[in-house]
Amino acid sequence: MLPADLQAQAAALLERCKEAGLMLATAESCTGGLIAGTLTEIAGSSTVVDRGFVTYSNEAKAEMLGVDPALIAAKGAVSAEVARAMAEGALARSRADIAVAVTGVAGPGGGTAAKPVGLVHFAVARTGHETIAHHEVFPGDRSAVRRATVEKALAMIDAAV
């Protein structure tokens, strides 16, 4: 189901996490569960993947991850601050050692001058470490933005292992 390169990236990441004894959680907005789906496509992923949160709405971000609605109102759902809060919320609400969060504008609509289509904010939280945030503006259509987001999220988790 997955392209071979993405499957290989996910399998290598899962192996590194397994060797390090680390569990993962995902908190996803613009990808709608694709990161967790990519990881769980790999047989044996249950030894590493604890859970995934699909928090597409602002209400879900608040209810499931504990993101402060005032933060969303002040910074917008697509922001570094909300991505950080999502990752930290996923870490706090799971058995995971590392959590990745993504929130963005996949398109084709919804973009603004300040937050264009393709903008994605990422955050990786790891127990005992500072949360890392990053953003990218990916080119292409909705599918291309979502795929690039999955690839970058996996790379960011890998860097945190």
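This text follows the structure it describes.
Keep in mind that this is a model prediction, so the values were computed, not measured. (Residues numbered from 1 in each chain as written. Predicted model: local features only at pLDDT ≥ 70, side-chain atom pairs only at ≥ 80, totals over all residues. Heavy atoms only, no water.)

J.: Is there a simple way to explain the pairing of strand β2 (residues 49–54) in this structure?
T.: Look at any regular strand and the pattern is simple: side chains alternate between the two faces of the sheet. In terms of strand pairing, strand β1 (residues 24–28) meets β2 through five bridges, oriented parallel. Note on β2: the bridge partner recorded for Thr26 is Gly52. The parallel pair β1 and β2, bridged by helix α2 (residues 34–40), forms a crossover whose chirality is right-handed. (Pairing = 2+ DSSP bridges. Helix = DSSP H or I, 4+ residues; strand = E, 2+ residues; numbered from the N terminus. Right-handed = clockwise from strand over helix to strand, strands pointing away.)

J.: Could you clarify how one ought to interpret the packing of aromatic side chains in this entry?
T.: Pairs of aromatic rings are described using the distance from one ring centre to the other and the angle between the two planes. Scanning the model with the defined rule gives one aromatic pair in all. Here the aromatic rings of Phe122 and Phe138 are separated by 6.2 Å at their centres, their planes lie at 85°, and the arrangement is edge-to-face. A residue pair is termed long-range when its members are at least 10 positions apart, and Phe122 in strand β4 (residues 119–126) and Phe138 in the loop between β5 (132–137) and α6 (142–160) qualify at 16 residues. For the pair Phe122 and Phe138, a shared accessibility class is recorded, and that class is buried. (Phe/Tyr/Trp six-rings, centres within 6.5 Å; stacked < 30°, edge-to-face > 60°. Buried < 20%, exposed > 50% of the residue type's maximum accessible area, 1.4 Å probe, protein only.)

J.: Quick question: what am I supposed to make of the sheet that holds β1 here?
T.: Strands belonging to one sheet form pairs held by backbone hydrogen bonds; the direction of such a pair is parallel or antiparallel. Sheet architecture is open: five strands sit in the order β2-β1-β3-β4-β5, paired in mixed fashion. Two strands bound the open sheet, and with one partner strand each, they are β2 and β5. Shown here is a sheet whose adjacent strand axes are inclined to one another by a mean of 15°, direction ignored. (Axes fitted to C-alpha atoms, helices over the stretch in contact; angles between N-to-C directions.)

J.: Quick question: what am I supposed to make of unusual backbone geometry here?
T.: Trans is the common state for peptide bonds, and a negative phi is the common state for residues other than glycine. A cis geometry characterises the amide bond from Gly107 onward to Pro108, with omega recorded as 5°. Relative to the elements of secondary structure, Pro108 occurs in the loop between β3 (98–104) and β4.

J.: Which parts of the structure should I look at to understand the nonpolar core?
T.: A general feature of soluble globular proteins is that nonpolar side chains tend to end up buried together. Judged by nonpolar contacts, the single largest core of 30 residues is most densely connected at Leu24, Ile35, Leu39 and Leu154. At the level of elements, α1 (4–20), α2, β3, β4 and α6 are the ones that each hand at least two residues to this core. Among the elements that take part in this core, α6 stands out by supplying eight residues, more than any other. If you look at the next biggest cluster of nonpolar residues, it comprises 20 residues, including Val67, Val82, Ala83 and Ala96. (Core = buried A, V, L, I, M, F, W, Y, C linked by side-chain atoms within 4.5 Å.)

J.: Honestly, the pattern of salt bridges in this entry has me stumped. Any pointers?
T.: Think of it this way: side chains of opposite charge can pair up when their charged atoms draw near. For the structure shown, the criterion picks out six salt bridges. Asp5 is the salt-bridge partner of Arg147, the closest N and O atoms lying 2.7 Å from each other. Note that Arg147 is positioned in helix α6 and Asp5 in helix α1, a separation of 142 residues in sequence. Across the salt bridge formed by Arg51 and Asp50, the nearest N and O atoms sit 2.6 Å from each other. When salt bridges that share partners are traced, they join Asp5, Arg147 and Glu151 into one network. (Salt bridge = Lys/Arg side-chain N within 4 Å of Asp/Glu carboxyl O.)

J.: Before we go on, may I ask you to explain the side chain of Lys61 in this structure?
T.: Note on placement: Lys61 falls in helix α3 (residues 58–65). For the buried Lys61, which has no salt bridge, the nearest side chain bearing the opposite charge is Glu59, at an N-O separation of 8.0 Å. At 3.3 Å, the side chain of Lys61 forms a polar contact with the backbone oxygen of Tyr56. Ignoring any residue separated from it by four or fewer positions in sequence, one finds Lys61 in contact with Ser29, Thr55, Tyr56, Gly66, Val67, Ile72, Ala77, Val82, Met86 and Thr103. (Lys, Arg positive; Asp, Glu negative; His and termini not counted. Polar contact = N/O pair within 3.5 Å; in protein donor to acceptor, adjacent residues only side chain to side chain. Contact = heavy atoms within 4.5 Å.)

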